[in-house]
Amino acid sequence: MTDTTRREVLGWLAGLGAAAGVGLLAPGRAGASVSVTALRGVTIVDSAGTRPNATIVLADNKVLAVGSCDLPLPRGCTVLDLAGKFVIPGLWDMHVHGAYLERITLPLCLVNGVTGIREMWGVPQLYDLRDRIARGEVFGPRLTVASTIIDGPHSTLPFALIAGTPEEGRQAVRDAKAQGADFVKVYSYLDRATLTAIADECAKQDITFAGHCSNHVPLGDASDLGQRTFEHMYGLSLATSSAETELRQAIADLPLDPANSFAWFKQVLEFERRATLTHRRSKAIQLAKRLRRNNSALCPTMVAMRVYASPADRFANDPRLKYLPAFYQDFWRDGLKPWAPVTPEEIKQQAEFFKRRMDQVAEMHDLGVEVLVGTDAGNPYVFSGFSVHDELELLVEAGLSPKAALNAGTRNGAVHPGADANLVVLDGNPLGNIRNTQRIHTVLTRGRVLGPAERRQLLADVEKAAQEPIGAVQARCC
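Keep in mind that this is a model prediction, so the values were computed, not measured. (Residues numbered from 1 in each chain as written. Predicted model: local features only at pLDDT ≥ 70, side-chain atom pairs only at ≥ 80, totals over all residues. Heavy atoms only, no water.)

> Account for the overall build of the protein chain, naming residues and giving values.
Counting its secondary structure elements, the protein chain contains 16 helices and 17 strands. The C-alpha atoms of the protein chain give 23 Å as radius of gyration, which agrees with the globular expectation for 478 residues (23 Å, within 12%). Considered along the principal axes of its C-alpha atoms, the protein chain spans approximately 80 × 50 × 45 Å. A total of 478 residues make up the protein chain; the buried ones form 56% of that total. Total accessible area computed for the protein chain in this model is approximately 19,300 Å², and 51% of it derives from carbon and sulfur atoms. Side-chain charges in the protein chain split into 52 positive and 52 negative, and the spacing between the mean points of these groups amounts to 5 Å. (Helix = DSSP H or I, 4+ residues; strand = E, 2+ residues; numbered from the N terminus. Rg over C-alpha atoms; globule rule 2.2 N^0.38 Å. Buried < 20%, exposed > 50% of the residue type's maximum accessible area, 1.4 Å probe, protein only. Areas by Shrake-Rupley, 256 points an atom, 1.4 Å probe, with all protein chains shown as cover. Lys, Arg positive; Asp, Glu negative; His and termini not counted. Charge placed at Lys NZ, Arg CZ, Asp CG, Glu CD.)

Okay, here's the thing in structure tokens:
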């Protein structure tokens with residue numbers, strides 16, 4: 001580790017003060033002050049490696065300095081002695097629904113060290129929330145928001161924007177850009193011509209697109225079109241199957257009842273299950289080359305897929321339900337009924353299917369494909385904030401090392417001067433056991449220090465908010 005000198009620290013503070021128009025907590029300076037906090041004696045664990053017995057200096061939500069335990073500090077600096085603790089960059093959940101429940105979703109993310117989220121179904125209310133968080137009017141994680149979901153005819157989603165022609169797809173992209181979406185969200189029923197038009201229009205509008213792998217377009221082809229992320233492992237088993245040609249023809253020949261489009265979707269999933277039985281390493285290698293070349297990533301949301309592959313009552317007594325409005329329990333129970341396996345044979349098949357999909361995610365990672373941590377929070381028994389740690393554990397169970405899983409969860413973040421001061425202090429080493437990401441001592445974000453007492457209070461406030469009418473929990477957080 002290269003130590004930072006006192007002069008360098010004061011130099012950074014001077015630059016910060018000049019930019020903010022304020023005085024400094026430094027010798028010989030008067031007036032208003034920039035609050036400076038130092039974390040001393042920690043072990044930093046990030047994408048750059050492991051740095052023991054370190055000091056991190058923070059001010060104005062920026063990392064000002066990183067050095068050894070005896071790093072000189074400016075006068076008046078608040079020092080947190082954290083010997084024996086571990087510091088990781090703030091976590092990201094790259095697949096979230098429900099940010100509109102501001103008094104529940106946002107604090108649950110923060111207390112769990114999730115300082116950034118990607119909301120996967122955008123509406124104007126969420127674009128406004130994103131901007132209010134950025135301005136400091138609402139205390140919450142950094143929010144990146146999709147367009148409304150764009151899907152083809154016969155979508156299973158009642159409120160999706162239907163694009164049945166290439167021109168409708170192009171107009172949907174232009175509208176998303178004008179409304180303020182950070183990226184375009186595509187879905188399962190788009191045909192090849194419309195997805196191709198969406199991709200072309202996204203390039204013209206300088207906006208990326210991400211989402212489901214269309215059931216009508218192979219995963220590799222969608223990657224070649226420019227799709228940035230692929231959610232839920234959809235399309236992966238087909239793309240790596242020696243029987244892909246036959247299975248895709250079966251999908252093309254599959255009749256679709258517009259009155260029950262979910263039955264068609266469920267049958268496609270059955271074809272995906274069968275595809276895992278004919279997995280070929282050589283096809284996986286070729287697919288990985290395409291994904292790497294196109295900078296496409298996988299966001300497997302294994303924690304959600306595990307629920308859908310399990311009996312409906314497996315997670316019904318999760319104690320974290322107390323942090324959600326009561327209607328969620330009914331909504332989740334009813335929502336699982338069409339998905340959940342029932343018979344012993346179905347339960348066994350779905351468990352094996354889930355395990356094979358996990359193996360394929362680990363294989364793609366080993367072949368150099370980027371894997372993102374996403375949970376699909378808002379779906380049955382997938383909890384904002386908490387389930388990020390469940391997803392990390394599942395990634396390790398799949399075969400990733402704790403370090404690789406942590407890099408996925410922090411988006412390869414590193415603690416260095418100039419970085420945003422989104423940090424999580426842990427009581428245990430996550431490289432020794434990934435479950436130690438759940439042993440959170442303190443979260444630092446947006447210039448605030450959420451120590452044990454502050455985190456307990458936030459959780460108590462969320463539990464109380466969950467008992468209030470739905471309109472009340474949409475009020476501004478914190």
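> Residue-level account of the side chain of Thr445, with values.
Note on placement: Thr445 falls in strand E16 (residues 440-445). With relative accessibility at 2%, the residue Thr445 sits in the buried group. Among residues more than four places away in sequence, those in contact with Thr445 are Asn61, Leu110, Thr115, Phe139, Ala421 and Asn422. (Contact = heavy atoms within 4.5 Å.)

> Describe the pattern of salt bridges, naming the residues involved and giving the relevant values.
Two side chains of opposite charge can pair, provided their charged atoms sit close to one another. By the definition in use, this model includes 32 salt bridges. Glu102 is the salt-bridge partner of Arg132, the closest N and O atoms lying 3.0 Å from each other. A residue pair is termed long-range when its members are at least 10 positions apart, and Arg132 in helix H3 (residues 124-135) and Glu102 in helix H2 (residues 102-111) qualify at 30 residues. Overall, Arg132 belongs to the buried group, its relative accessible area being 7%. We classify Glu102 as buried; its relative accessible area is 3%. A salt bridge links Arg170 to Glu201, with the nearest nitrogen and oxygen atoms 3.0 Å apart. (Salt bridge = Lys/Arg side-chain N within 4 Å of Asp/Glu carboxyl O.)

> Could you give me a rundown of the UniProt feature "domain: Amidohydrolase-related" (unreviewed entry) in the protein chain, with the residues and numbers involved?
Per the UniProt record, the feature "domain: Amidohydrolase-related" (unreviewed entry) sits at residues 86-449. Structurally, residues 86-449 comprises 45% helix and 15% strand, and the distance from its first C-alpha atom to its last is 16 Å. (UniProt positions renumbered as here; feature names shortened; annotations may be inferred.)

> Provide a residue-level description of the packing of aromatic side chains, including the pertinent values.
Tallying each qualifying case throughout the model produces twelve aromatic pairs. Between Tyr328 and Trp332 the ring centres are 5.2 Å apart and the planes differ by 80 degrees, which places this aromatic pair in the edge-to-face class. Of the two residues, Tyr328 and Trp332 are both situated in helix H12 (residues 327-336); the distance of four residues between them amounts to about one turn of the helix. With relative accessibility at 6%, the residue Tyr328 sits in the buried group. A relative accessible area of 0% places Trp332 in the buried class. Each residue in the set Phe327, Tyr328, Phe331, Trp332, Tyr381 and Phe383 is aromatic and connected to the rest through ring pairs, giving one cluster. Lying across the ring of Phe139, Arg448 places its NZ or CZ 4.0 Å from the centre. (Phe/Tyr/Trp six-rings, centres within 6.5 Å; stacked < 30°, edge-to-face > 60°. Lys NZ or Arg CZ within 6 Å of the ring centre and 35° of its normal.)

> So what's going on with unusual backbone geometry? Which residues, and what values?
Even without glycine at this site, Asn61 takes up a positive phi of about 60 degrees. Residue placement: Asn61 occurs in the loop between strand E2 (49-59) and strand E3 (62-68). Its identity is not glycine, yet Met233 carries a phi of approximately 70 degrees, on the positive side. By the element assignment, Met233 lies in the loop between strand E12 (229-231) and helix H7 (236-239). Here Met233 falls in the buried class, since its relative accessible area comes to 6%.

> An account of helix H10 (residues 281-294) is requested, with residue identities and associated values reported.
Counted at 1.5 Å a residue, the expected span for H10 with its 14 residues is 20 Å, and the 20 Å between its end C-alpha atoms agrees. Those residues of H10 that sit buried are Ala284, Leu287, Ala288 and Leu291. For H10, the arc enclosing every buried residue in end-on projection is 105 degrees, short of the 170-degree limit, so these residues lie on one face. Considering only its buried residues, H10 is in contact with helix H6 (219-225), E12, H7, strand E13 (297-299) and helix H13 (344-366). Directly after H10, the chain includes Asn295, whose backbone phi takes a positive value near 60 degrees. (Expected span 1.5 Å × (residues − 1). Arc of directions from axis to C-beta.)

> Give me the nonpolar core: which residues, what numbers.
Residues Val184, Met364 and Leu395 are the most contacted members of the largest nonpolar core, which totals 114 residues. Membership of the second largest hydrophobic core comes to 16 residues, among which are Ala54, Val87, Val415 and Ala421. (Core = buried A, V, L, I, M, F, W, Y, C linked by side-chain atoms within 4.5 Å.)

> I'd love a proper account of the state of the cysteines, names of residues and values included.
As enumerated under the stated definition, the model contains zero disulfides in all. With no disulfide of its own, Cys69 lies closest to Cys77 among cysteine sulfurs, the gap being 13 Å. With a relative accessible area of 14%, Cys77 lands in the buried category. (Disulfide = S-S within 2.5 Å.)

> So what about the pairing of strand E6 (residues 91-96)? Which residues, and what values?
The buried fraction of E6 is high, at six of six residues. In terms of strand pairing, E6 meets strand E7 (residues 114-119) through four bridges, oriented parallel. Across the sheet, the residue bridging to Val96 is Glu119, located in E7. Between the parallel elements E6 and E7, the chain passes through H2 in a crossover that is right-handed. (Pairing = 2+ DSSP bridges. Right-handed = clockwise from strand over helix to strand, strands pointing away.)

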